[in-house]
Amino acid sequence: MDSTVVQEQQQNVVARVASLPLVSSTCDIVTSVYINTKENYPYLKSVCEVAEAGVKTITSVAVTGVMPILQKLEPQIAVANDYACKGLDKLEEKLPILHQPTEKIVANAVDAVTGAKEAVTNKVTGAKETISGVVDRTKETVHESVEMTKAAVQGSVNTVLASRVVQMVSTGVETALTQSESLVDQYLPMTEEELGKL
């Protein structure tokens, strides 16, 4: 047999999965958090130590009881391991992220989120500037229209006021007011103030 074939047969899928950078770095992080938690919280530390002792005892009893069964099923386990290794090969091809440590994946995710946030912010800012520009241009146009209308109305009023008919009416009204003042002075008695001036 070829040495690579023998090597592939001896591969253990569990060991391969555990050696993947993503899995191993995640396990390191979880272990670190667990140890920190035990160190910082004395009550949890005692609970965790009791749980650890229980797991160790159960594991040793289970291994002792299962070993005869595992030895009998070794050929079937080897076939299952072989299929699992082939499946893992395909999974590694399709998911290269498995070969990256957790820290790098988190950093890339943070960068992607930051990039997306910046893109959205830029789009919102651009839309805001566009809307602001449209509003400014609309205000300018409306202001110009108001000024033009105001000038047209003022010009029309000036034209009307300068017209001969308005001048005649204005002269007529002025003459009528002057005449009515004269008549009031002539027919109504003088006020005390006017008498005092005499």
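Refer to the preceding data block for the structure.
Scope of this entry: the structure provided in the associated data block. What you see is a predicted model, and the numbers here were worked out from it, not measured in a lab. Throughout this description, residue numbers start from 1 for each chain and increase along the sequence as written. Predicted model: local features are reported for residues with pLDDT of at least 70 only, side-chain atom pairs are reported and counted for 80 or more only, and whole-chain, interface and lining totals are derived from all residues. Remark: hydrogens and water are excluded; side-chain values derive from all non-hydrogen atoms of the structure.

Let's talk about the overall build of the protein chain
We count a stretch as a helix when DSSP gives it H or I for four or more residues in a row; a strand needs E for two or more, and each element gets its number in order from the N terminus. Along the backbone of the protein chain there are 8 helices and 0 strands. Considering the protein chain as a whole, with its 198 residues, one finds that 7% of them fall into the buried category. Contact between two residues is taken to exist if any of their heavy atoms lie within 4.5 Å; hydrogens are not considered. Within the protein chain, residue pairs in contact and separated by at least 24 positions form 63% of the contacts whose partners lie at least 6 positions apart. When accessible area is computed with a 1.4 Å probe and restricted to protein chains, residues below 20% of their type maximum are described as buried, those above 50% as exposed, and intermediate ones as partly exposed.

Here we look at the pattern of salt bridges
Criterion for a salt bridge: a side-chain nitrogen of Lys or Arg within 4 Å of a carboxyl oxygen of Asp or Glu. Counting across every chain of the model gives 4 salt bridges. Across the salt bridge formed by K38 and E52, the nearest N and O atoms sit 2.9 Å from each other. Highlighted residues: K38 in helix α3 (residues 21-40) and E52 in helix α4 (residues 42-72), separated in sequence by 14 residues. On the accessibility criterion, K38 (15% relative accessible area) is buried.

Quick word on the packing of α3 against α4
Put simply, α3 and α4 touch, their axes get as near as 6 Å, and they point 125° apart. Here α3 is positioned oblique relative to α4, judged by the angle of their axes. Where α3 approaches α4, its residues Y34, T37, K38 and N40 are matched on the opposing element by P42, L44, K45, C48, E49 and E52. Classifying every residue of the contact of α3 with α4 by side-chain character gives 4 nonpolar, 2 polar and 4 charged. Only C-alpha atoms enter the line fits that serve as axes; for helices the fit covers just the stretch in contact. Angles between N-to-C directions range over 0 to 180 degrees. Angular relationships are summarised with four words: roughly parallel below 35 degrees, roughly antiparallel beyond 145, roughly perpendicular across 65 to 115, and oblique for the angles in between. In this classification, Asp, Glu, Lys and Arg are treated as charged, Ala, Val, Leu, Ile, Met, Phe, Trp, Tyr, Cys and Pro as nonpolar, and every other residue, Gly included, as polar.

Description of the side chain of N81
Along the chain, N81 falls in helix α5 (residues 74-94). The class for N81 is buried, based on a relative accessible area of 15%. The term polar contact refers here to a pair of N or O atoms within 3.5 Å; inside protein, the definition further demands a hydrogen-donor-capable atom paired with an acceptor-capable atom, and it admits residues adjacent in sequence only when both atoms are side-chain atoms. A polar contact of 2.8 Å, which involves the side chain of N81, links it to the backbone nitrogen of V13. Dropping the residues within four chain positions of it, N81 is found in contact with Q11, N12 and V13.

Considerations on a nonpolar patch on the surface
Residues form patches when they are more than 30% accessible in relative terms and have no salt bridge. Like charges link within 9 Å. Nonpolar side chains (Val, Leu, Ile, Met, Phe, Trp, Tyr) link within 5 Å. Using the Shrake-Rupley algorithm and a 1.4 Å probe, accessible areas are obtained, with residue cover drawn only from the displayed protein chains. Together, V63, V66, M67, I69, L70, L73 and I77 make up a nonpolar patch on the protein surface, roughly 550 Å² of accessible area in all. Ranked by residues supplied to the nonpolar patch, first place goes to α4 with 5 residues. Tracing the backbone shows L70 in helix α4. With a relative accessible area of 37%, L70 lands in the partly exposed category.

Considerations on a negative patch on the surface
Side chains of E181, D185, E193 and E194 sit close together on the surface and give a patch of like negative charge. For the negative patch, the secondary-structure elements that each account for two or more residues are α7 (164-187) and α8 (192-197). Mapped onto the fold, D185 is located in helix α7. Taking relative accessible area as the criterion, D185 reaches 59% and is therefore assigned exposed. His is not counted, nor are the chain ends, whereas Lys and Arg count as positive and Asp and Glu as negative. Here the site of a charge means NZ on Lys, CZ on Arg, CG on Asp, or CD on Glu.

Remarks on α5
What a helix is expected to span follows from its residue count: subtract one and scale by 1.5 Å. For α5, with 21 residues, the first-to-last C-alpha span of 30 Å sits near the 30 Å given by 1.5 Å per residue. Taken as a whole, α5 has its buried residues at N81, C85, L88 and E92. Projected down its long axis, α5 carries its buried residues within an arc of 65°, all on one side. In α5, the exposed residues that point more than 90 degrees away from the buried face are P75, Y83, K90, E93 and K94. Elements that come into contact with the buried residues of α5 comprise α2 (13-19). By definition, the arc is the one covered by directions from the helix axis to the C-beta atoms.

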